[in-house]
Amino acid sequence: VIRITFTLFPGSDTTAGVIIFAVYFLIANPDIADKLRHELEGAFTSRAEISMHKLGQLPYLDGVVNESLRLGSPFAGLPRVVPEGGAILNDAYVPGGTVVSVPAYVQHVSEENFWPEPKSFRPERWLPGGLGPDSRARKAAIMTFSYGA
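A brief structural summary.

How each quantity is defined
Residues numbered from 1 in each chain as written. Predicted model: local features only at pLDDT ≥ 70, side-chain atom pairs only at ≥ 80, totals over all residues. Heavy atoms only, no water. Patch = residues over 30% accessible without salt bridge, like charges linked within 9 Å, V, L, I, M, F, W, Y side chains within 5 Å. Areas by Shrake-Rupley, 256 points an atom, 1.4 Å probe, with all protein chains shown as cover. Salt bridge = Lys/Arg side-chain N within 4 Å of Asp/Glu carboxyl O. Helix = DSSP H or I, 4+ residues; strand = E, 2+ residues; numbered from the N terminus. Buried < 20%, exposed > 50% of the residue type's maximum accessible area, 1.4 Å probe, protein only. Phe/Tyr/Trp six-rings, centres within 6.5 Å; stacked < 30°, edge-to-face > 60°. Lys NZ or Arg CZ within 6 Å of the ring centre and 35° of its normal. Contact = heavy atoms within 4.5 Å. Expected span 1.5 Å × (residues − 1). Arc of directions from axis to C-beta.

1. Quick look at a nonpolar patch on the surface
Judged by side-chain polarity, I19, V23 and I27 come together as a nonpolar surface patch covering roughly 300 Å² of accessible area. Along the polypeptide, I27 turns up in helix α1 (residues 2-28). Residue classification places I27 among the exposed residues on the basis of a relative accessible area of 64%.

Following this line, the structure appears as structure tokens:
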């Protein structure tokens with residue numbers, strides 16, 4: 001019982017934090033909330049029809065989730081320590097015992113990873129065509145709940 005409680009608690013706090021951000025972004029952007037509501041109402045006529053499979057096929061919902069994960073990270077960043085003996089990171093040797101970290105928010109609003117308007121909540125960036133021909137939305141750059149070993 002103790003192990004189950006310990007395992008569920010960290011996951012529930014961080015997930016709840018991202019959900020709070022998602023709700024905030026939807027309240028702060030009623031036009032986005034309306035688009036999401038329209039997609040959901042068009043996909044389901046009753047609660048009985050709702051399934052994970054069908055939810056996974058809704059592109060605007062996916063965009064809202066991805067933007068919430070991108071801008072609502074509950075972690076500032078989780079530092080890692082290079083193991084004894086060192087490691088090669090990005091073609092450079094890093095000695096053992098060195099603390100390595102990337103701040104999640106900085107990664108999530110980097111113009112190199114998300115363009116244009118990297119600090120804006122724009123679910124459309126995840127749709128085909130994104131926010132225009134030069135737009136970027138690098139899903140691999142999202143590290144909401146940490147990343148890597």
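2. A word on the packing of aromatic side chains
Under the counting rule described, the total for this entry stands at 4 aromatic pairs. Summarising the aromatic geometry, the rings of F25 and F121 are spaced 4.5 Å apart at their centres and angled 10° between planes, so their arrangement reads as stacked. Separated by 96 residues along the polypeptide, F25 in helix α1 and F121 in the loop between β5 (114-115) and β6 (136-137) bring together distant segments of the chain. The exposure class of F25 is buried, given its relative accessible area of 10%. Taking the relative accessible area as the measure of exposure, F121 reaches 7% and is therefore buried. Taken together, the aromatic side chains of F21, Y24, F25 and F121 make up a single cluster linked through ring pairs. Sitting over the face of the ring of F114, R70 holds its NZ or CZ atom 4.8 Å from the ring centroid.

3. A few points about the side chain of S68
Here S68 lies in helix α4 (residues 59-71). When sequence neighbours within four positions are dropped, the list of residues in contact with S68 reads V18, A22, S73 and F121.

4. So, helix α2 (residues 30-43)
The end-to-end C-alpha distance of α2, which contains 14 residues, comes to 20 Å, matching closely the 20 Å that a straight helix rising 1.5 Å per residue would cover. Among the residues making up α2, those that are buried are I32, A33, L36 and E39. Summarising the axial view, the buried residues of α2 lie within an arc of 125°, below the 170-degree limit, and thus occupy one face. Those residues of α2 that are exposed and aimed more than 90 degrees away from the buried face are P30, H38, E41 and G42.

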